[in-house]
Amino acid sequence: MEELYFTGIGSAAAGTGSSDGFFRIAAATPRIRVADVEGNAEAILACVRDAAARGVGALVLPELCLCGYTCADLFLDRTLLRACEHALARLLAETSDLPILFTVGLPVARDENIFNCAAVCCAGRLLGLTVKENLPNYSEFYERRWFAPAPLNPMAPVSFAGSRPVPMGSGLVYRCGDPGMESVVIGVEICEDLWVPAPPSIAMATEGAATIILNPSASDETIGKAEYRRELVCGQSARLYCAYAYADAGAGESTTDLVFAGENLIAENGSLLARTDLFTCDMAVADVDLDRLGAERRRSTTWARDPLSRRSFPAVPFSFTGDAGTVCADAPCDAADAPEAAGAPESALMRSALEIDRVFPKTPFVPADRGDLAERCETIFGLQAAGLSSRLAHTGTTHAVIGLSGGLDSTLALLVTVRAFDALGLERTGITAVSMPGFGTTHRTKGNAESLATSLGVTFREISIHDAVGQHFADIGHDPSVTDVTYENSQARERTQILMDLANQLGAFVIGTGDLSELALGWATYNGDHMSMYAVNASVPKTLVRHLVRYAAGLYGGAIERTLLDILDTPVSPELLPPTGDGQIAQRTEDLVGPYELHDYFLYHLLRFGFTPGKIFRMACRSFAGEYDEKTILSWLRVFYRRFFAQQFKRSCLPDGPKVGSVTLSPRGDWRMPSDASARLWLAEIDALEA
């Protein structure tokens, strides 16, 4: 089997020897025959072997798949019950060399009861028998005729299918003790258990720390049910910050009254990663990101109760090598007793981003679906305009001042301000857009600024900063031929002074134009364009700014659209250095600080999930394969971390601005960081990637 799905990565990526927390799970539907236990065992064995060959670490198969969900009164027959036990023993023997955990659905008789169970197996060992809690007895379902629900009190361990005593009951959590696989914690609930108001998976995840929920199911197909089932699985994975694999019964079940379609689903934190088509009996396979799930749980303070008050949750230890320790005779072992395989290497089942078949979007801030993108843009415009409208109304302000450069950010800020004024019923002439040409301003950007302001019906003013900055250079003794940081920042601060003083004259608000990407990199002049009275773009990244402006162009049409499209086509630049000889922009931001699509990618995965530099690097190598080589990605990753840490002082004193997405850098909201925090740990990890 070819384990490495992605090729073309050299030593910097492949030589790290690290896993990135990706674990492959699957849900499959074997083709069975009702009551043909031996034949069904063959089909199950083929599924397990196929999954193991694909590198799957956990496989869920349908409810009662060893005999068939539709056996009806045959469930009461001892011949069927014995055959299921014997077949399970055979399955355990024939999978002893396979490092895969899988479920087998079967009826289990104990004392005077029969239970609907999922036998959880791994490397030739029976780990436990999870019992279904909620037995449907309505409409087409009649399970209480044959089965008893899982008892409320723990059941004593049971010897079954030739195994040592194993735990039996509901709510069991299976915890891996192999080195590097501590995040593989698996809970099992059976079909209807998910459809009730309080599914057992809630306690498994919140109390038992289960990161993966497996659901062996037999859900018959009716009109509209598939859509609801997908929503249910995705919703539960979102609520529990978990991966959820759902296996459905399919071909071979009795069609006397029902049809089963075998739709298999895998969801992660609300997103559907994989599903099979109806009536295909295929296998759904996905690499789930256990690191990401752990990060989501850690950042959510409402996720679970205080760990000091959390009850001890019964856990079943296991190992993919088959060395799972000994289960207590009276009760399941506690989670703390989960053994580790001494001296064993980190399992190959935990993969890096380079070893999986999963696509990471290049622009995580931007929806891939065009319809979703239009809806997202409209929502963001609404949030930005609502925030500004509320601030203007609260202060009784009817005027706004904005520096309009002819670039993307100030264009977006003006479009938002126009929306806010329209919403408040204020005249657009109350918006003063100011063009402040300096030493690097080109005719193209200046012309676009005037054209846009005029077309939108706002007040336009042009105030040159040449003389004022020249006087300032004379005052401080700076040679204007030296185009250093003083040369650049003096222009930015002069522009801010003009805007602030105009605002005082007009009784207006200065609208900030800087975006989230610039704040992350510190690409703003302190007390220059860094400062405003309300920063409408503060949580909008550069990659999304482009889409917002393009969306607005489509809404307006005509001359405004033409101007906006030309602005979109203009290189991103602060225009603080003199133009080229032919009047073109000489200073291109992305040549200096790096491609914004890379920086936005780094920023999202750092802030949203707290991923390490190594994991972000390997993910970026996958996402941008063919566009940037690994050396280029690594170089800009280092720039990102260096600037991100060094420039926090600018973010610590940001003006107010609206939050529009899940990632923002407001010091009053989502991101609190000391301005003098050291970047040493993160830069050292980046250096190690080159070793």
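The shown structure was predicted, so the numbers you read here are calculated from the model rather than taken from an experiment. (Residues numbered from 1 in each chain as written. Predicted model: local features only at pLDDT ≥ 70, side-chain atom pairs only at ≥ 80, totals over all residues. Heavy atoms only, no water.)

Draft legend 1. The overall build of the protein, seen in detail. Summing up its helical and strand segments, the protein has 21 helices and 20 strands in all. With respect to the principal axes defined by its C-alpha atoms, the protein has extents near 100 × 55 × 45 Å. Among the 691 residues that make up the protein, the fraction classed as buried is 56%. A fraction of 74% describes how many contacts in the protein between residues 6 or more apart in sequence connect residues 24 or more apart. Accessible area for the protein stands at about 27,600 Å²; split by element, carbon and sulfur atoms hold 51% of it. (Helix = DSSP H or I, 4+ residues; strand = E, 2+ residues; numbered from the N terminus. Buried < 20%, exposed > 50% of the residue type's maximum accessible area, 1.4 Å probe, protein only. Contact = heavy atoms within 4.5 Å. Areas by Shrake-Rupley, 256 points an atom, 1.4 Å probe, with all protein chains shown as cover.)

Draft legend 2. Spatial organisation of the packing of helix α10 (residues 443-456) against helix α15 (residues 558-568). At a closest axis distance of 10 Å, the pairing of α10 and α15 adopts a crossing angle of 150°. Between α10 and α15, the crossing angle belongs to the class labelled roughly antiparallel. In the crossing of α10 with α15, the sense of the turn from one axis to the other is left-handed. Contact residues: R444, N448, S451, L452, S455 and L456 in α10; A559, I560, T563, L564, D566 and I567 in α15. Class assignment of the residues belonging to the contact of α10 with α15 gives a composition of six nonpolar, four polar and two charged. (Axes fitted to C-alpha atoms, helices over the stretch in contact; angles between N-to-C directions. Parallel < 35°, antiparallel > 145°, perpendicular 65-115°, else oblique. Left-handed = near helix turned anticlockwise from the far one by under 90°. Nonpolar A, V, L, I, M, F, W, Y, C, P; charged D, E, K, R; others polar.)

Draft legend 3. Representation of the side chain of E192 in the model. Counting through the fold element by element, E192 comes out in helix α4 (residues 192-195). Here E192 occupies a buried position and makes no salt bridge, while the nearest side chain of opposite charge, K132, is found at 5.9 Å. A polar contact of 2.8 Å, which involves the side chain of E192, links it to the side chain of Y138. Apart from residues no more than four positions distant in its own chain, E192 is found in contact with K132, N134, P136 and Y138. (Lys, Arg positive; Asp, Glu negative; His and termini not counted. Salt bridge = Lys/Arg side-chain N within 4 Å of Asp/Glu carboxyl O. Polar contact = N/O pair within 3.5 Å; in protein donor to acceptor, adjacent residues only side chain to side chain.)

Draft legend 4. Spatial organisation of the sheet that holds strand β19 (residues 509-512). The strand order across the open sheet built from five strands is β18-β17-β16-β19-β20, with neighbouring strands paired in parallel fashion. At either end of the open sheet lies a strand with only one pairing partner, and these are β18 (459-462) and β20 (534-535). Note that strand β16 (residues 400-403) and strand β17 (residues 431-435) share four bridges and pair parallel. Looking at the pairing, I402 lines up with A433 of β17. Its contacts with the sheet place helix α9 (residues 408-424) against β16, β17 and β19, and it is angled at close to 165° to β16. (Pairing = 2+ DSSP bridges.)

Draft legend 5. Expanded view of the pattern of salt bridges. According to the stated counting rule, one finds 35 salt bridges in the structure shown. With a closest N to O distance of 2.1 Å, E42 and R90 form a salt bridge. Of this pair, E42 sits in helix α2 (residues 37-53) while R90 sits in helix α3 (residues 78-94), and the two are 48 residues apart along the sequence. The class of E42 is partly exposed, set by a relative accessible area of 41%.

Draft legend 6. How the structure looks around the sheet that holds strand β14 (residues 315-318). Taken in spatial order, the seven strands make up an open sheet running β12-β11-β10-β9-β8-β7-β14, and their pairing is mixed. Sheet topology places β12 (271-275) and β14 at the edges, where each strand pairs with a single neighbour. Put simply, the sheet's adjacent strands are angled 20° from each other on average, direction ignored. Relative to β14, strand β7 (residues 173-176) runs parallel, the two sharing four bridges. Its bridge partner being in β14, R175 is matched across the sheet by P317. The strands touched by helix α6 (residues 225-239) are β10 (243-247), β11 (265-268) and β12; relative to β11, the strand with the most contacts, the crossing angle is about 35°.

Draft legend 7. Structural detail: the packing of aromatic side chains. Under the criterion given, the structure shown has 27 aromatic pairs. Look at F23 and F320: their rings are 6.1 Å apart centre to centre, the planes differ by 50°, and that puts the pair in the tilted class. Here F320 lies in the loop between β14 and β15 (350-351) and F23 lies in strand β1 (residues 22-28), a separation of 297 residues in the sequence. By the burial criterion, F23 is buried, and F320 matches it. Ring plane angle 45° and centroid distance 5.6 Å describe the contact between W195 and Y228, whose orientation is recorded as tilted. (Phe/Tyr/Trp six-rings, centres within 6.5 Å; stacked < 30°, edge-to-face > 60°.)

Draft legend 8. Focus on the pairing of strand β4 (residues 113-122). Most of β4 sits inside the fold, with nine of its ten residues counted as buried. Alignment of strand β3 (residues 101-110) against β4, held across ten bridges, turns out to be antiparallel. Its bridge partner lying in β4, T103 is registered against V120. A loop of two residues connects β3 with β4, the two strands running antiparallel in sequence, and D111 in this loop sits at a positive phi of about 55°. Pairing geometry for β4 and strand β5 (residues 125-131), over six bridges, is antiparallel. Along β5, the bridge assignment pairs C117 with V131.

Draft legend 9. Just the pairing of β19, in detail. The alternating pattern of β19 places F509 and I511 and V510 and G512 on opposite faces, both of which are buried. Where β16 and β19 come together, two bridges link them in parallel fashion. What sits directly across from A400, in β19, is F509. With two bridges joining them, β19 and β20 adopt parallel strand pairing. Residue G512 lies in a different strand from β20, and its bridge partner there is A535.

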